[in-house]
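# Structural overview
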Amino acid sequence: MKVNEGMIDRAVRILLGLALISLVYVGPKTPWGWVGIVPLVTGVLGFCGLYAILGITTCPSKKDS
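If you're wondering where the values come from, they're calculated on a predicted model, not measured in any experiment.

Rules of the game
Residues numbered from 1 in each chain as written. Predicted model: local features only at pLDDT ≥ 70, side-chain atom pairs only at ≥ 80, totals over all residues. Heavy atoms only, no water. Buried < 20%, exposed > 50% of the residue type's maximum accessible area, 1.4 Å probe, protein only. Phe/Tyr/Trp six-rings, centres within 6.5 Å; stacked < 30°, edge-to-face > 60°. Lys NZ or Arg CZ within 6 Å of the ring centre and 35° of its normal. Axes fitted to C-alpha atoms, helices over the stretch in contact; angles between N-to-C directions. Helix = DSSP H or I, 4+ residues; strand = E, 2+ residues; numbered from the N terminus. Parallel < 35°, antiparallel > 145°, perpendicular 65-115°, else oblique. Left-handed = near helix turned anticlockwise from the far one by under 90°. Contact = heavy atoms within 4.5 Å. Nonpolar A, V, L, I, M, F, W, Y, C, P; charged D, E, K, R; others polar.

Turning our attention to unusual backbone geometry. The phi dihedral of Lys29 falls on the positive side, at around 50°, and the residue is not glycine. The class for Lys29 is exposed, based on a relative accessible area of 56%.

What follows is the structure, encoded as structure tokens:
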């Protein structure tokens, strides 16, 4: 698994995942908050399977030396 997420993308995914998971414990207390595990895990790992399938990467391009 090759990293295909940039730092901003990863940070947004982690924050979104934590916010969604918090809905299980506070606010509407709905089990749908567990959907937040997906963006949290992809943000921590830096790999998104959907990005890989679509050929998308948000990593900065490396300059050839």
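Moving on from the model shown.
Another point: the packing of aromatic side chains. As enumerated under the stated definition, the model contains 1 aromatic pair in all. Ring plane angle 85° and centroid distance 6.0 Å describe the contact between Tyr25 and Trp34, whose orientation is recorded as edge-to-face. Stacked on the ring of Tyr51, the Lys or Arg Arg13 has its end atom at 4.9 Å from the ring centre.

Where helix α1 (residues 7-22) contacts helix α2 (residues 37-45), the two axes come as close as 7 Å, and the packing angle between them is 150°. Between α1 and α2, the crossing angle belongs to the class labelled roughly antiparallel. Here the hand of the crossing between α1 and α2 comes out left-handed. In this structure, α1 uses Arg10, Arg13, Ile14, Gly17, Leu18, Leu20 and Ile21 to contact α2, whose residues at the interface are Ile37, Pro39, Leu40, Thr42, Gly43, Val44 and Leu45. Taken together, the residues of the contact of α1 with α2 sort by class into 9 nonpolar, 3 polar and 2 charged.

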